[in-house]
Amino acid sequence: QVQLVESGGGLVQPGGSLSLSCAPSGIIFRIYAMGWFRQAPGKQRELVARITSGGGTNYADSVKGRFTISRDNAKNTVYLQMNSLKPEDTAVYYCDAMIQMTITSAARDYWGQGTQVTVSS
């Protein structure tokens, strides 16, 4: 069973930057769309950014102009560069990917375990 492994969370001051990365732990056949969601205490999980296999992106309005999602298809890795961070960006960030495990299997959604991002002075 493949797992999505995230890294890069932590504590940063307002206005600072952090970079997250996520990749599957095992051998897979193909990855389609990949994305980042976040969930703050007491709130629902929300989409932060998503990127298709062809590089098309979409962002939540709250992060446009500050966050950049990218991917390295050769490494099956998705990145989230977060700049100009605000206290309201504090949340657990989850990686999401639509993965096809083998040539004969159907693609399904996989989630990472989450990484904490805290923006505070």
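In this report, we go over the structure that sits alongside the text. Predicted model only: the values in this text are computed from it and were never measured.

A short note on the environment of Thr77
Working step 1: With respect to the helices and strands, the residue Thr77 is situated in strand β8 (residues 77–82).
Working step 2: Considering only alpha carbons, one finds Thr77 and Ile27, 50 residues apart in sequence, at a separation of 13 Å.
Working step 3: Sequence-distant contacts of Thr77, that is, excluding residues within four places in its chain, are made with Ser21, Cys22, Ala23, Met34, Ser70, Arg71 and Asp72.
Working step 4: Polar side-chain contacts of Thr77 include one of 2.9 Å to the backbone oxygen of Lys75.

Section: the nonpolar core
Working step 1: Within the largest apolar cluster, 30 residues are counted, with the highest numbers of intra-cluster contacts made by Trp36, Leu80, Met82 and Tyr93.
Working step 2: Secondary structure elements with two or more residues in this core: β3 (18–24), β4 (30–39), β5 (46–51), β7 (67–72), β8, β9 (91–100) and β11 (115–119).

Here's the deal with the pattern of salt bridges
Working step 1: All told, the structure shown has 5 salt bridges when counted by the stated rule.
Working step 2: Two residues, Arg38 and Glu46, come together in a salt bridge whose shortest N-O distance is 2.7 Å.
Working step 3: Here Arg38 falls in the buried class, since its relative accessible area comes to 6%.
Working step 4: One salt bridge in this structure joins Arg50 and Asp96, with 3.4 Å as the shortest N-O distance. With Arg50 in strand β5 and Asp96 in strand β9, this residue pair connects regions lying 46 residues apart in the sequence.

Some thoughts on the sheet that holds β3
Strand-to-strand pairing in sheets goes through backbone hydrogen bonds, with the strands running parallel or antiparallel.
Working step 1: An order of β1-β3-β8-β7 is seen for the 4 strands of this open sheet, with the pairing classed as antiparallel. Looking at the sheet topology across the chains shown, the edges are occupied by β1 (4–7) and β7. Between one strand axis and the next, the sheet turns by 15° as a mean value, whatever way the strands run.
Working step 2: By the bridge criterion, 5 bridges tie β3 to β8 in an arrangement that is antiparallel. Paired with Leu18 across the bridge in β8 is Met82.

How each quantity is defined
- Counting restarts for each chain, with residues numbered from 1 along the sequence as it is written.
- Where totals are concerned, whole chains, interfaces and linings use all residues; where local detail is concerned, this predicted model gives features only for residues with pLDDT of at least 70, and gives and counts side-chain atom pairs only at 80 or more.
- The basis for every side-chain value is the complete set of non-hydrogen atoms in the structure, without hydrogens or water.
- To qualify as a helix, a DSSP run of H or I must reach at least 4 residues; to qualify as a strand, a run of E must reach at least 2; elements of each kind are numbered from the N terminus.
- Throughout, a residue-residue contact means that at least one pair of heavy atoms, one from each residue, lies within 4.5 Å.
- Counted as a polar contact is a pair of N or O atoms within 3.5 Å, where, for protein atoms, one must be capable of donating a hydrogen and the other of accepting one, and residues adjacent in sequence contribute only when both atoms are in side chains.
- Throughout, nonpolar core names a set of buried Ala, Val, Leu, Ile, Met, Phe, Trp, Tyr and Cys residues whose side chains join them through atoms within 4.5 Å.
- Relative accessibility decides the category of a residue: with a 1.4 Å probe and only protein chains considered, values under 20% of the type maximum give buried, values over 50% give exposed, and everything between is partly exposed.
- Whenever a carboxyl oxygen of Asp or Glu lies within 4 Å of a side-chain nitrogen of Lys or Arg, that contact is scored as a salt bridge.
- By this definition, two strands are paired if DSSP reports at least two bridges between them.
- For every element, the axis is a line fit to its C-alpha atoms; helices are fit only across the contacting stretch, and the angle between N-to-C directions ranges from 0 to 180 degrees.

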